Each structure stands twice: as C-alpha cells, then as structure tokens.
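Here are the chains, one letter per residue:
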Amino acid sequence: MAAPLIFALEPKNTPSQHLLQTSLSFSPQPLHFSSYRDLYGNRIWRVMADQGSLRLRHESITEVSPNPDAVHHRLRKVPVQDLPNAVLHYTLPSRYCPSDLLTTTAWERFGGFEDGWPQVQAVCDWLHENVRYQAGSGSGTSALEALERGEAVCRDFAHLGVSFCRALSLPARYVSGYLPEIGVTPDGLPMDFHAWFEVYLGSGWHTFDARHNTPRTGRVVVAKGRDAADVAFSTTYGATRLETLEVWAEAL
C-alpha cells in the first residue's frame, strides 16, 4: 500500500550557517512531494510513496564556521522569571526528555556546581564518563530508559543532556545534523546522522555534546526541536521498513 513519510534532512539557513547548494532525487518518483517549515523553522519534506521500494538521495553543500564549538565558561544561568517567552517551553518535559522525573537526581548530582556553563559542563562530563556509547542501543528509548540501561547512542546522550538541564531549570533543546571527522582521529565506525543539544545561557543558545564532550569543527545543523520526536530524520506512517542507510559528510 502507499504510505506517507516525512523527512528532516536539509541543513538550515542561519546567521552562522549557509546552505549553498542542495539536490534531491527519488527512484522511482513518489506519488506526491512537497515541503513546509515546521513550528521551529525546520525544512520538512512530505512524501507519498507508492507500494514497493523507494530510494531517496540528498546532497548539499553548506558553509559553516571553520572554528571549533565556542566555549564560554563565564556565561551564567538566566533566572526563569527573566527568560524570553519563546525560550520558556524549552524548560518543560517532552516525550523523550522526562525532565520532571529526573529533578531530584539532577539537583543531587549537579546542584553543587556553579550555575551556568560550569553546571552544564558537569552534566556533559558525567554523562561522557558514566554512560557507555553503544551503536544500535537507542531505538525509541527515552532519556530515563537510556540512563537506567547505562548505554546510549548520540540521540540518547542529547536527550539526557536536555533532560538534566531542564531539570535544573536551564532551557535546553535537541539538535540533529551532521558531524564530519575534522581535526580528530576517525573512529572507524560507519558515518551516521548525529545529535547534540543547545542550552540557553546569557542571551543566546550554545552547543554542548555529551557524546564526544570536546569542541568539534564542522557541525552542520539540520533541525532543532524539543527532542527527537520533533526533528527525526524520517517519520513513517503505515507499514514501511528501512532497508539501507548511508550517510557521509566531508570538508570541502
């Protein structure tokens, strides 16, 4: 039977990131294709696929900063009463980030750190040291389930970071994208989509990545939202099955 699908694969245009070139092809052509901007400004593709196999290929060239992720140790937490209205909902629990269930744990574990950047970094340090990265371990799990299991993929590390920060009354959001291996030793694993998180400190959003826990160069942002439910790379409706997946990201 025909099945509808939605995809979030196209890099965002932002003040610090520019989509220079993009191409998209299908084989065979779907019954219908369109795109729209979601509530968070992400480009979403809508596809109606006919019965049988569908192959999608997307390539893009995106200009990003040549510098590693910025580090601002002196940035402080913004009191909830002073947060901008548009940021406030990023302090609330969401489907994969049940921050309300982690409040006691978060304050016991991280409440003693200086608020702001040092506290968020303490969250990343603890996750990096105490949760094991295990490819293929995070299918459909919440942050709480990943924490109890003690192993995670990048999606779970992002959900855990978001959840702990929200439990500490720090606005946090989930980011999906690509991360080329620039300036680091390749880990030998097949390239995949990546996820990290951003925290609102001072007067803006800042990048954190508990999976790698070190500033990285070349992040390509595709989508931002409350958690992976908002910005999954693909969402399917009906009887569909992913057969193969290939992801690549290179510096030009």
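A short tour of the structure in this document, coming up.

Calculation rules
- Residues numbered from 1 in each chain as written.
- Predicted model: local features only at pLDDT ≥ 70, side-chain atom pairs only at ≥ 80, totals over all residues.
- Heavy atoms only, no water.
- Axes fitted to C-alpha atoms, helices over the stretch in contact; angles between N-to-C directions.
- Helix = DSSP H or I, 4+ residues; strand = E, 2+ residues; numbered from the N terminus.
- Parallel < 35°, antiparallel > 145°, perpendicular 65-115°, else oblique.
- Contact = heavy atoms within 4.5 Å.
- Nonpolar A, V, L, I, M, F, W, Y, C, P; charged D, E, K, R; others polar.
- Pairing = 2+ DSSP bridges.
- Phe/Tyr/Trp six-rings, centres within 6.5 Å; stacked < 30°, edge-to-face > 60°.
- Buried < 20%, exposed > 50% of the residue type's maximum accessible area, 1.4 Å probe, protein only.
- Lys NZ or Arg CZ within 6 Å of the ring centre and 35° of its normal.
- Polar contact = N/O pair within 3.5 Å; in protein donor to acceptor, adjacent residues only side chain to side chain.
- Left-handed = near helix turned anticlockwise from the far one by under 90°.
- Salt bridge = Lys/Arg side-chain N within 4 Å of Asp/Glu carboxyl O.

1. Looking at the packing of helix 2 (residues 103-110) against helix 3 (residues 117-130)
Phase 1: Axis separation between helix 2 and helix 3 bottoms out at 10 Å; the angle between their running directions is 100°. When the axes of helix 2 and helix 3 are compared, the pair comes out roughly perpendicular. Where helix 2 approaches helix 3, its residues Trp107, Arg109 and Phe110 are matched on the opposing element by Gln119, Ala122, Val123 and Trp126.
Phase 2: Split into classes, the residues belonging to the contact of helix 2 with helix 3 amount to five nonpolar, one polar and one charged.

2. Details of the sheet that holds strand 12 (residues 234-236)
Phase 1: Strand order in this open sheet of four strands is 3-4-1-12, and the pairing throughout is antiparallel. Strands at the two margins of the open sheet, each flanked by one partner only, are strand 3 (32-37) and strand 12. Adjacent strand axes in the sheet meet at a mean angle of 20°, parallel and antiparallel pairs treated alike.

3. With respect to the packing of aromatic side chains
Phase 1: Summed over the entire model, instances satisfying the criterion amount to 13 aromatic pairs.
Phase 2: Considering the side-chain rings of Tyr40 and Tyr90, the 6.4 Å spacing of their centres and the 45° angle between planes classify their relative orientation as tilted. On the criterion of sequence distance, the pair formed by Tyr40 in the loop between strand 3 and strand 4 (43-49) and Tyr90 in the loop between helix 1 (85-88) and helix 2 is long-range, its members being 50 residues apart.
Phase 3: On the basis of relative accessibility, which here comes to 22%, the residue Tyr40 falls in the partly exposed class.
Phase 4: Residues Trp126 and Phe164 carry aromatic rings whose centres are separated by 6.5 Å and whose planes lie at 80° to one another, so their mutual orientation is edge-to-face. Residue Trp126 is located in helix 3, and its partner Phe164 is located in helix 5 (residues 154-167); the two are separated by 38 residues in the primary sequence.
Phase 5: The aromatic ring of Tyr96 is capped on one face by Arg155, whose charged end is 4.4 Å from the ring centroid.
Phase 6: For Arg219, the ring lying beneath its charged end belongs to Trp196, and the centroid distance is 4.8 Å.

4. A short note on the side chain of Glu198
Phase 1: With respect to the element layout, Glu198 can be found in strand 9 (residues 194-201).
Phase 2: Since its relative accessible area comes to 7%, Glu198 is described here as buried.
Phase 3: Separated by 3.1 Å, the side chains of Glu198 and Lys224 make a polar contact.
Phase 4: With residues near it in sequence (within four places) discarded, Glu198 still touches Pro171, Ala172, Arg173, Val175, Trp205, His206, Thr207 and Lys224.

5. What about the sheet that holds strand 9?
Phase 1: As summarised here, the arrangement of the four strands in space is 10-9-8-11, forming an open sheet in which the pairing is antiparallel. A single partner strand is all that each edge strand has here, and the edge strands are strand 10 (204-208) and strand 11 (220-225). Put simply, the sheet's adjacent strands are angled 35° from each other on average, direction ignored.
Phase 2: Summarising the sheet, strand 8 (residues 172-178) and strand 9 pair through six bridges and their orientation is antiparallel.

6. With respect to the packing of helix 3 against helix 5
Phase 1: Orientation of helix 3 relative to helix 5, taken along the N-to-C sense of each, is 140°, at an axis distance of 10 Å. It follows that helix 3 is oblique to helix 5 by the angle criterion. Considering how the two elements wind past one another, helix 3 and helix 5 form a crossing that is right-handed. Of helix 5, the residues touching helix 3 (which contributes Val120, Val123 and Leu127) are Phe157, Leu160, Gly161, Phe164 and Cys165.

7. So, the pattern of salt bridges
Phase 1: Applying the stated criterion across every chain, the model contains 13 salt bridges.
Phase 2: For the salt bridge of Arg43 with Glu10, the shortest nitrogen-to-oxygen distance reads 4.0 Å. Pair noted here: Arg43 is in strand 4 and Glu10 is in the loop between strand 1 (3-7) and strand 2 (18-27), with a separation of 33 residues, a long-range link.
Phase 3: For Arg43, a relative accessible area of 23% corresponds to the partly exposed category.
Phase 4: With a shortest N-O distance of 4.0 Å, Glu151 and Arg149 are connected by a salt bridge.
Phase 5: Each of the salt bridges in this network shares a partner with another, and the network as a whole consists of Arg132, Arg149, Glu151, Arg155 and Asp156.

Treat this as a map of the structure, not an account of what it does.
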